[in-house]
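Fold and geometry: a report
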Amino acid sequence: GAQGAFEEARRACAAVGQGGLPRVLWNTLLKAHANAGDVAGADSVFQEMARQGVAPNGRTYGKLVESAAKAGSREWGEHW
């Protein structure tokens, strides 16, 4: 299912970016979660991005808000 595909994408990105993923790849992962309306998955990616020391940009927050909107979650949209 979709969750398995997300996890596979994360593992692939982790293998490529052992020294740390560039922000564009984090944003791509966020976009996948946003397209699926997966707020929890987007939050998980965002938290890991922060742990890795990658600074978010406008596109990062845009994808987070988009995931909340597609999930119908006003609370998450306001959170970000």
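Below or above, wherever it landed, is the structure these notes cover. (Residues numbered from 1 in each chain as written. Predicted model: local features only at pLDDT ≥ 70, side-chain atom pairs only at ≥ 80, totals over all residues. Heavy atoms only, no water.)

1. Things to note about the pattern of salt bridges
Close approach of charged atoms allows side chains with opposite charge to pair. Per the stated rule, a full pass over the model turns up 4 salt bridges. The closest approach of N and O atoms between Glu 66 and Lys 63, which form a salt bridge, is 3.0 Å. One end of the pair, Glu 66, and the other, Lys 63, are both in helix α4 (residues 58–71), 3 residues apart, so they sit about a helical turn from each other. Judged by relative accessible area, Lys 63 falls into the partly exposed class, the value being 22%. The shortest N-O distance in the salt bridge between Glu 78 and Arg 74 comes to 2.8 Å. In this pair, Glu 78 and Arg 74 are both assigned in helix α5 (residues 74–79), 4 residues apart and thus about one turn of the helix distant. For Glu 78, a relative accessible area of 56% corresponds to the exposed category. Salt bridges sharing partners connect three or more residues here, namely Lys 63, Glu 66 and Lys 70. (Salt bridge = Lys/Arg side-chain N within 4 Å of Asp/Glu carboxyl O. Helix = DSSP H or I, 4+ residues; strand = E, 2+ residues; numbered from the N terminus. Buried < 20%, exposed > 50% of the residue type's maximum accessible area, 1.4 Å probe, protein only.)

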